[in-house]
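Residue-level structure breakdown
One letter stands for each residue in the lines below.
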Amino acid sequence: MKTLIIVDPQYDFMPGGALEIKDGDQIIPIINSFSQKFDLVVATQDWHPEGHSSFASSHKGKDPFDVIEWKGMKQTLWPDHCVQGSGGANFHADLKTNTIEAIFRKGMNPNIDSYSGFYDNGHEKSTGLSGYLKEKKANDLYFCGLAADICVYFTLKDALKEGFNVHLIEDATRPLDSDDFEQQKQELKSQGVKIIKSNGL
Ligand code: VGL
Ligand code: ZN
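Rules of the game
Residues numbered from 1 in each chain as written. Chains lettered and ligands numbered in written order. Predicted model: local features only at pLDDT ≥ 70, side-chain atom pairs only at ≥ 80, totals over all residues. Helix = DSSP H or I, 4+ residues; strand = E, 2+ residues; numbered from the N terminus. Rg over C-alpha atoms; globule rule 2.2 N^0.38 Å. Buried ≥ 20, exposed ≤ 12 C-beta atoms within 10 Å, placed from the backbone. Contact = placed C-beta atoms within 7 Å. Near = placed C-beta within 6 Å. Nonpolar A, V, L, I, M, F, W, Y, C, P; charged D, E, K, R; others polar. Core = buried A, V, L, I, M, F, W, Y, C linked by C-beta atoms within 7 Å. Pairing = 2+ DSSP bridges. Axes fitted to C-alpha atoms, helices over the stretch in contact; angles between N-to-C directions. Expected span 1.5 Å × (residues − 1). Parallel < 35°, antiparallel > 145°, perpendicular 65-115°, else oblique. Left-handed = near helix turned anticlockwise from the far one by under 90°.

A few words now on the overall build of the protein. Per the secondary structure count, the protein includes 4 helices and 8 strands. Secondary structure elements of the protein, listed N to C terminal, follow the sequence β-α-β-β-β-β-α-β-α-β-α-β. Rg of the C-alpha trace for the protein: 16 Å, near the compact-globule value of 17 Å for 201 residues, within the 12% margin. Among the 201 residues that make up the protein, the fraction classed as buried is 42%. Residue pairs in contact within the protein that sit at least 24 positions apart in sequence constitute 71% of those at least 6 positions apart.

What follows covers the site of ligand 1. Around ligand 1, the neighbouring residues are Asp8, Phe13, Asp46, Trp78, Leu146, Ala147, Ile150 and Cys151. Residue classes in the shell around ligand 1 are distributed as 6 nonpolar, no polar and 2 charged.

For the rest of this paragraph, the subject is the nonpolar core. Within soluble globular proteins, side chains that are nonpolar tend to cluster in buried spots. Within the largest apolar cluster, 50 residues are counted, with the highest numbers of intra-cluster contacts made by Leu141, Phe143, Ala147, Cys151, Val152 and Leu156. The set of elements that each furnish at least two residues to this core consists of strand 1 (2–7), helix 1 (27–34), strand 2 (40–46), helix 2 (129–135), strand 6 (140–146), helix 3 (148–161), strand 7 (165–174) and helix 4 (178–190). If you tally residues by element for this core, the top one is helix 3, at 8 residues. If sequence neighbours within four positions are ignored, Ala147 has contacts with Phe13, Ile21, Val152, Arg174, Pro175 and Leu176.

Reading across the sheet, the 6 strands line up as 5-2-1-6-7-8 and stay open at both edges, with parallel pairing between neighbours. Bordering the open sheet on either side are strand 5 (100–106) and strand 8 (194–196), each of which pairs with just one other strand. The mean angle between the axes of side-by-side strands here comes to 25 degrees, regardless of whether they run parallel or antiparallel.

What follows deals with helix 3. The first and last C-alpha atoms of helix 3 sit 18 Å apart over 14 residues, in line with the 20 Å expected at 1.5 Å per residue. Across the 14 residues that make up helix 3, a large majority, 11, are buried. Gly163 occupies a position one or two residues after helix 3 and carries a positive phi of about 90 degrees.

Right, let's talk about the pairing of strand 3 (residues 67–70) for a bit. Two faces, one strand: in a regular strand the side chains alternate between the faces of the sheet. Across 4 bridges, the pairing between strand 3 and strand 4 (residues 73–76) is antiparallel. In the sheet register, Val67 faces strand 4, and the bridge partner there is Thr76. Hairpin connection of strand 3 to strand 4: 2 residues between the antiparallel strands, including Lys71 at a positive phi of 50 degrees.

The next subject is the environment of Phe34. Tracing the backbone through its elements, the reader meets Phe34 in helix 1. Sequence spacing of Phe34 and Ala147 is 113 residues, and the spatial spacing of their C-alpha atoms is 19 Å.

Another point: the packing of helix 3 against helix 4. In contact at an axis separation of 10 Å, helix 3 and helix 4 are set at 15 degrees when each is read in the N-to-C sense. Judged on the interaxial angle alone, helix 4 and helix 3 are roughly parallel. The interaxial crossing formed by helix 3 with helix 4 has left-handed handedness. Contacts between helix 3 and helix 4 involve Ala148, Asp149, Tyr153 and Leu156 on the former and, on the latter, Asp180, Phe181, Gln184 and Leu188.

This is the structure we're talking about:
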C-alpha cells in the first residue's frame, strides 16, 4: 500500500512563523498536486504544551538555538512553537486535508522532545504510528514535510528501523539548515532511503 506521510505542515514552520523554514510554504502546492495518488495519507503534528522543555524560554539565560544537556541528551533549544491550540500549530490552510486519514501528534510530554513521528527522542514512548501502519499493511512509505533536517530526518531513521520501505520526496521538503541536510541525505541514501522527486510518483 502506497502511503504518504506529511510531517508537520504547520504555520510555525512556514515563513513568518515562530520557527520559520525558508520557502517552507512552497511545499504545500506540491504536496496537494500528488496527495490523491496515494492509497493512504497520514500526517504528524508537533503539539507542545506551553513551557515545553525544548523551548529556550523555559531555561533561564538561554537563547533559541543554544544547545544544552537535558536528561542525558543533547537538546537544541527552540523558540516557542507549535503550542497546543495556537494558530502556529495549525496546518497550513492551503494544504488539502480531506484525504488525511489520521494525524499523529508528538511532543506533548513536557520533559522530552519528539522529532520523529514514531517515537520521542529517548525512544521511550511510541506515538502508535508504526503499529497503525503495520495493521494497515502500509509498507511503502513516502515522506514529505518540515523540517527536512530535523523532524523529517528523524522520522525517516525510525521508519528504516521499523523495517518499512522508505522514500523521501525531495522537492516536497525543505531544511532549516541546508548543509546539515546535504550530509544527512548521503547517510539516508546509504541506509536505503530512496530519494525521489514528485514528478516520478
Ligand atoms: C521541528 C524543531 C522542533 C520540526 C519540531 O518539525 O522539524 N523542529 N520541533
Ligand atoms: Zn517542536
